[in-house]
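# Structure at a glance
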Amino acid sequence: MINPPEPLRTRLTDLLGCDYPIIQSGMGGPGRSELCAAVTAAGAFGCIGMVRERPELIRREIAAVKDRTNRAFGVNLVPSATDPALLDEELDACFSAQIEVMVFFCDVRPDIVERAHKAGCKVLYQVGNLADAIAAERAGADAIICQGVEAGGHVHGKVTSMVLLPQVAAAVTIPVAGAGGFGSGASLVAALALGAEGIHCGTAFLATKESYAHDYHKQRVVDAGSEDTVYSDVFAIGWPPQSPVRTIENSIHQALCRRPARTWAG
Ligand SMILES: Cc1cc2nc3c(=O)[nH]c(=O)nc-3n(C[C@H](O)[C@H](O)[C@H](O)COP(=O)(O)O)c2cc1C
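Here goes a summary of the coordinates provided. (Residues numbered from 1 in each chain as written. Predicted model: local features only at pLDDT ≥ 70, side-chain atom pairs only at ≥ 80, totals over all residues. Heavy atoms only, no water.)

## Some details on the overall build of the protein
Secondary structure assignment for the protein yields eleven helices and eleven strands. Here the C-alpha radius of gyration of the protein, 17 Å, is about what a compact globule of 266 residues would show, namely 18 Å. Considering only C-alpha atoms, the protein reaches an extent of 45 × 40 × 40 Å along its principal axes. In the protein, which comprises 266 residues, the share counted as buried stands at 49%. Pairs at least 24 residues apart make up 54% of the contacts formed inside the protein by residues separated by at least 6 positions. (Helix = DSSP H or I, 4+ residues; strand = E, 2+ residues; numbered from the N terminus. Rg over C-alpha atoms; globule rule 2.2 N^0.38 Å. Buried < 20%, exposed > 50% of the residue type's maximum accessible area, 1.4 Å probe, protein only. Contact = heavy atoms within 4.5 Å.)

Set out below in structure tokens:
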């Protein structure tokens, strides 16, 4: 049996109560209780992705993680991509289950941060630009997740992690985690060097046994190279207009994309 590595302590691990400054993104779809519980058991910080899910499912998924671990974990919601009435129900489901940490993404909503704090939750806010990082800190967030344009899934900014992360880390006083292209020990070290206190990873967890992604999706991820992603707004359904998303190119993208596929932000 391999001994687990020594814990790596930063302000982020102190805030989240985990051993390693690695946060698993609550990816809507793939990030369910199995993945969250496995990540949490391994000493990183797990999260379930519940964007636009019904409160019954949220309650079930939270209970399923709590059955497997006593450690803290998070729930991810995306306020600007959710009908307000459903968002209210989602938040109530999380708060009544006494979830420790809420992870929000996209436009900063001070009212939602306040509600989460009143319910006793810590708040991580994933943002894609400097102004939103400052706004999230002002709104009372406990930590920032700084998303570079390399990120998989919906992408909120236009700047690379290499450029954005040091700007955000210098501009706020709360801990910052880098997101977008981080998925290895070396990249964790790089993020720390850029001023972050941890990383937030999505793609790195997508093709794991515990991920709820379809096997075909997992295989496409495993087979893909770093030049195989496309950045477009063809999957903006349910999101604010023109919300860009980074995916592996597929037949839906080819059919819907009326302009040449772009592999970068330009
Ligand atoms: C399949 C997939 C689904 C995602 N779904 C969400 C989501 O529901 N909520 C969210 O805040 N971020 C979501 N993201 C974005 C991640 O939070 C994160 O920014 C991104 O994965 C970081 O880049 P990486 O994929 O290079 O690790 C998703 C990412 C992926 C790959």
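## Quick look at the site of the ligand
In the vicinity of the ligand there are 21 residues, among which Ser25, Asn76, Gln126, Gly181 and Thr203 approach most closely. For the ligand, an oxygen atom lies 2.9 Å from a polar atom in the backbone of Gly202. Within the complex, 91% of the 600 Å² of free accessible area of the ligand lies under protein. Those elements that place two or more of their residues in the shell around the ligand are strand 9 (199–201) and helix 9 (203–206). (Near = heavy atom within 4 Å. Polar contact = N/O pair within 3.5 Å; in protein donor to acceptor, adjacent residues only side chain to side chain. Areas by Shrake-Rupley, 256 points an atom, 1.4 Å probe, with all protein chains shown as cover.)

## Describing the sheet that holds strand 7 (residues 153–154)
An order of 7-11-10 is seen for the three strands of this open sheet, with the pairing classed as antiparallel. With partners counted over all chains shown, the strands left at the sheet margins are strand 7 and strand 10 (229–232), one partner each. Two strands pair when backbone bridges link them, and strand 10 and strand 11 (residues 245–248) are joined in this way by four bridges, in the antiparallel orientation. If you follow Thr229 over to strand 11, its bridge partner there is Ile248. (Pairing = 2+ DSSP bridges.)

## What about the nonpolar core?
Formed by 53 residues in total, the largest nonpolar core has its most connected members in Val75, Leu77, Met102, Phe104, Tyr125 and Ile144. In terms of residue count, the dominant contributor to this core is helix 4 (residues 84–96) (five residues). With sequence-adjacent residues up to four places away left out, Phe104 is seen in contact with Asn76, Leu77, Pro79, Leu91, Ile112, Ala116, Val123, Leu124, Tyr125 and Gln126. Residues Leu15, Leu16, Val103 and Ala177 belong to the second largest nonpolar core, which totals 14 residues. (Core = buried A, V, L, I, M, F, W, Y, C linked by side-chain atoms within 4.5 Å.)

## Remarks on the packing of helix 6 (residues 130–139) against helix 7 (residues 161–171)
One way to put it is that helix 6 packs onto helix 7 with a least axis distance of 10 Å and a crossing angle of 30°. Here helix 6 lies roughly parallel to helix 7, going by the angle between them. Relative to helix 7, helix 6 is oriented so that their crossing is right-handed. On helix 7, the residues touching Leu130, Ala133, Ile134 and Glu137 of helix 6 are Leu164, Gln167, Val168 and Ala171. For the contact of helix 6 with helix 7, the per-class residue count stands at six nonpolar, one polar and one charged. (Axes fitted to C-alpha atoms, helices over the stretch in contact; angles between N-to-C directions. Parallel < 35°, antiparallel > 145°, perpendicular 65-115°, else oblique. Left-handed = near helix turned anticlockwise from the far one by under 90°. Nonpolar A, V, L, I, M, F, W, Y, C, P; charged D, E, K, R; others polar.)

## Quick notes on the sheet that holds strand 1 (residues 22–24)
Pairing is parallel in the open sheet, where eight strands are placed in the order 1-9-8-6-5-4-3-2. Strands with a single pairing partner mark the edges of an open sheet, and in this sheet they are strand 1 and strand 2 (47–49). With direction set aside, neighbouring strand axes in the sheet form an average angle of 25°. Examined bridge by bridge, strand 8 (residues 176–179) and strand 9 share two bridges and lie parallel to one another. Looking at the pairing, Ala179 lines up with His200 of strand 9. Contacting strand 6 (143–147) and strand 8, helix 7 crosses the sheet at an angle of about 170° to strand 8.

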